[in-house]
Structures are given as C-alpha cells and as structure tokens.
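In case you want the letters, here they are:
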Amino acid sequence: MAIHCPECGFVNDEAANYCQKCGSALTRPEPAGEETTATYRVGETGELIPVELDDVVAEGAALVIRSGGGRTGESFPLQGDRLTIGRRPDAGIFLDDITVSRDHAVLVQRSGDYYLDDCGSLNGTYVNRSRIESHRLEDGDELQIGKYKLTFLSR
C-alpha cells in the first residue's frame, strides 16, 4: 500500500517514514472505523479553542483543514454568501504558503448549495483529486488548495 505525503501529496513506498520528495514525516492511516477529527477555532488572541465536529456543522456547512501548514483540525463555519480563500491576509480563509495564490478560490452560495470556484490560481484548485474551475460541493468532499487539504462538511 502506498503512502501519500500529507504535505505535498507525493506517493511514497509503504515502508517509508519520510517523504522522498519534501522530507515531511509520513503518517499511517488509522484502521477503518476508528478515524476521528479533532477540530478547533482560533480565538481573538490566537489561542486554540477545541470544538466538537457536530457543533461545527450544527449551524450549517463548514470547512475543516485535514492536513497542511501545521493547522490540521482548524475549522471554518461557512457564513454569508461568499468566502474568499487565499494567501492574502484579509482572505476569509487565510492559507499562508507559497503554493497558495493570493486570490486562490472563492466559496459562493447559490440556491442553497455551496460552489467552489477557482480564481485563476497558478497551482489549481482540486475537489476529490480532480482539478476544477467551478464545482458544487457535497458533504465529505476533499478540497486541495496548494498544500492544504480541507474537507467540506454539511448537515
């Protein structure tokens, strides 16, 4: 079984402990049925505040960072009709890494559904490992923006 690097996505040999491309430590997938996601939000002073995953989606849809940038578990409840994602400090979801364009993507709510639109990013925007220009999101979709992998959750 091959192991995907959580940072760069490179496919490594099963026995590898570190990524052959970027050198990041490789994590082994948990056995089926035992997967858990710890989520948190960042408080006003930068402290990490644990939250329950069910509470995150109780108000509606949310994005949770699954890997990348040392921010695994950070959650973003989706509020409003438009949310920008990028390396620009004032983005709704600020992803500070060179693999992310300043104006990388935007989440837009249309007729009650959320759509992820790429904003002409250099490295592309992916949903379930397919490059997209615009895609209607469904519960459990995996988004990749630069080196970050996020999961879309909805009720």
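Values in this document were obtained by computation on a predicted structure and should not be read as measured data.

Turning our eyes to something else, we now look at the pattern of salt bridges. Following the criterion strictly, the structure yields five salt bridges and no others. The closest approach of N and O atoms between R88 and D103, which form a salt bridge, is 2.8 Å. Of the two residues, R88 is situated in the loop between strand 7 (82–86) and strand 8 (93–94) and D103 in the loop between strand 8 and strand 9 (105–110); the sequence distance between them amounts to 15 residues. Its relative accessible area of 32% is what places R88 among the partly exposed residues. One salt bridge in this structure joins D97 and K147, with 3.3 Å as the shortest N-O distance. With a gap of 50 residues between them, D97 in the loop between strand 8 and strand 9 and K147 in the loop between strand 14 (142–145) and strand 15 (148–153) connect regions that are remote in the sequence. Overall, D97 belongs to the buried group, its relative accessible area being 14%.

The next subject is unusual backbone geometry. In the Ramachandran plot, S111 falls in the positive-phi region, its phi being about 50° despite a non-glycine side chain. Following the sequence through the fold, S111 ends up in the loop between strand 9 and strand 10 (113–118). Among the residues examined, S111 registers a relative accessible area of 81% and is labelled exposed. At R129, a position not held by glycine, the phi torsion is positive, near 70°.

A few words now on the sheet that holds strand 11 (residues 125–127). Strand pairing in a sheet takes place through backbone hydrogen bonds and is either antiparallel or parallel in direction. Across the sheet, six strands lie side by side as 6-5-15-14-11-12; this open sheet has antiparallel pairing. Strands at the two margins of the open sheet, each flanked by one partner only, are strand 6 (75–77) and strand 12 (130–132). Neighbouring strand axes in the sheet, compared pairwise and without regard to direction, differ in orientation by 30° on average. Alignment of strand 5 (residues 62–67) against strand 6, held across three bridges, turns out to be antiparallel. In the sheet register, V64 faces strand 6, and the bridge partner there is S75.

So, about the pairing of strand 10. Sheet topology places strand 9 next to strand 10; six bridges connect them, and they run antiparallel. In the sheet register, R110 faces strand 10, and the bridge partner there is D113. Linking two consecutive strands that pair antiparallel, namely strand 9 and strand 10, is a turn of two residues; a positive phi of about 50° is found at S111 within it.

Read across the sheet, five strands follow the order 8-7-9-10-13 without closing on themselves; strand pairing throughout is mixed. One side of each edge strand has no neighbouring strand; the edge strands of this open sheet are strand 8 and strand 13 (134–136). Pairing between strand 7 and strand 9: four bridges, direction antiparallel. Paired with L83 across the two strands is L107, which belongs to strand 9.

This part is about the confidence of the model for the protein chain. For the protein chain, per-residue confidence averages 84 on the pLDDT scale, and residues scoring 70 or more make up 82% of the total. Mean pLDDT per element in the protein chain: helix 1 (residues 53–58) is the minimum at 62, and strand 13 is the maximum at 97.

Applying the stated criterion across every chain yields a total of one aromatic pair. Directly above the ring of Y115 sits R110, whose terminal nitrogen or CZ lies 4.8 Å from the centroid.

Reading the values: rules and limits
Residues numbered from 1 in each chain as written. Predicted model: local features only at pLDDT ≥ 70, side-chain atom pairs only at ≥ 80, totals over all residues. Heavy atoms only, no water. Salt bridge = Lys/Arg side-chain N within 4 Å of Asp/Glu carboxyl O. Helix = DSSP H or I, 4+ residues; strand = E, 2+ residues; numbered from the N terminus. Buried < 20%, exposed > 50% of the residue type's maximum accessible area, 1.4 Å probe, protein only. Pairing = 2+ DSSP bridges. Axes fitted to C-alpha atoms, helices over the stretch in contact; angles between N-to-C directions. pLDDT = per-residue confidence, 0-100. Phe/Tyr/Trp six-rings, centres within 6.5 Å; stacked < 30°, edge-to-face > 60°. Lys NZ or Arg CZ within 6 Å of the ring centre and 35° of its normal.

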